[in-house]
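Read off the chains here:
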Amino acid sequence: MKTLARQARHRRVRAQVHGTADRPRLVVFRGTKSLSAQLVDDAAGTVLLTVGSNKKQSGVNVAAGETLGTELAKQAKAKKVTGAVFDRAGYRYHGVVKAICEAARKGGLKI
């Protein structure tokens, strides 16, 4: 039930949020054991960049989210991506999801 409700929320968010080559969509995934984030160009239907959480870190916590956001911003800057639109993927904007977004902002990504 929880997964179906999150997927429904994600569909509602995706109806409003579209990524382009200039401002790709930053989509996050929060699993029970790991985190991941992708930059997606919806116009071309391609994934520009994928970053996953470090397997050496234990659990999914705010510190892991900050590390992931910082790494994402660094790799995006290397690919000359300066801005993005945030897709929270049906998750609430707090905790780990917020940490990823805030760390990406601090790293130089305009969200």
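Residues numbered from 1 in each chain as written. Predicted model: local features only at pLDDT ≥ 70, side-chain atom pairs only at ≥ 80, totals over all residues. Heavy atoms only, no water.

I keep staring at the overall build of the protein and nothing clicks. Help me out?
Across its full length, the protein carries three helices and four strands. From first element to last, N terminus to C terminus, the protein shows the α and β order α-β-β-β-α-β-α. Expressed as lengths along the three principal axes of its C-alpha atoms, the size of the protein is roughly 35 × 30 × 20 Å. Evaluated residue by residue, the protein yields a buried proportion of 37% over its 111 residues. (Helix = DSSP H or I, 4+ residues; strand = E, 2+ residues; numbered from the N terminus. Buried < 20%, exposed > 50% of the residue type's maximum accessible area, 1.4 Å probe, protein only.)

What is the right way to look at a positive patch on the surface in this model?
On the surface, Arg9, Arg11, Arg12 and Arg92 cluster together into a patch of positive charge. Relative to the helices and strands, Arg12 resides in helix α1 (residues 2-14). (Patch = residues over 30% accessible without salt bridge, like charges linked within 9 Å, V, L, I, M, F, W, Y side chains within 5 Å. Areas by Shrake-Rupley, 256 points an atom, 1.4 Å probe, with all protein chains shown as cover. Salt bridge = Lys/Arg side-chain N within 4 Å of Asp/Glu carboxyl O. Lys, Arg positive; Asp, Glu negative; His and termini not counted. Charge placed at Lys NZ, Arg CZ, Asp CG, Glu CD.)

Even after reading the chapter, I still don't get the sheet that holds strand β3 (residues 46-52), so can you show me in this structure?
The four strands lie next to each other as β3-β2-β1-β4, forming an open sheet whose pairing is mixed. Each having just a single partner strand, β3 and β4 (85-87) make up the two edges of the open sheet. Mean inter-strand twist for the sheet, computed between neighbouring axes without regard to direction, equals 20°. In this sheet, strand β2 (residues 35-41) lies alongside strand β1 (residues 25-30) in antiparallel orientation, the contact comprising six bridges. Residue pairing in the sheet places Val27 in a bridge with Gln38 of β2. (Pairing = 2+ DSSP bridges. Axes fitted to C-alpha atoms, helices over the stretch in contact; angles between N-to-C directions.)

Help me understand the pattern of salt bridges, please; the structure alone is not making it clear to me.
Where charged atoms from two side chains of opposite charge approach closely, those side chains can pair. Evaluation of the coordinates by the stated rule reveals five salt bridges. Of the charged contacts, one joins Asp42 and Arg25 as a salt bridge, the two residues approaching to 2.9 Å between their closest N and O atoms. You can see Asp42 sitting in the loop between β2 and β3 and its partner Arg25 sitting in strand β1, a full 17 residues away along the chain. Residue Arg25 is classed as buried on the basis of its relative accessible area of 8%. One salt bridge connects Glu102 with Arg105, and the closest N-O pair in it is separated by 2.8 Å. Here Glu102 pairs with Arg105, and both are found in helix α3 (residues 96-106), just three residues apart, close to one helical turn. By relative accessible area, which is 30% here, Glu102 ends up partly exposed. Members of the salt-bridge network, linked through shared partners, are Arg14, Arg25, Asp42 and Asp87.

Help me out: how do you make sense of the packing of helix α2 (residues 62-78) against α3 in this one?
Axes are the key here: two packed helices are described by the angle between their axes and the distance separating the axes. Look at α2 against α3: their axes get within 7 Å of each other, and the N-to-C directions meet at 30°. Between α2 and α3 the crossing geometry is right-handed. In this structure, α2 uses Val62, Gly65, Glu66, Leu68, Gly69, Thr70, Leu72 and Ala73 to contact α3, whose residues at the interface are Val96, Ala99, Ile100, Ala103 and Ala104. Its residues assigned to classes, the contact of α2 with α3 comprises nine nonpolar, three polar and one charged. (Left-handed = near helix turned anticlockwise from the far one by under 90°. Contact = heavy atoms within 4.5 Å. Nonpolar A, V, L, I, M, F, W, Y, C, P; charged D, E, K, R; others polar.)

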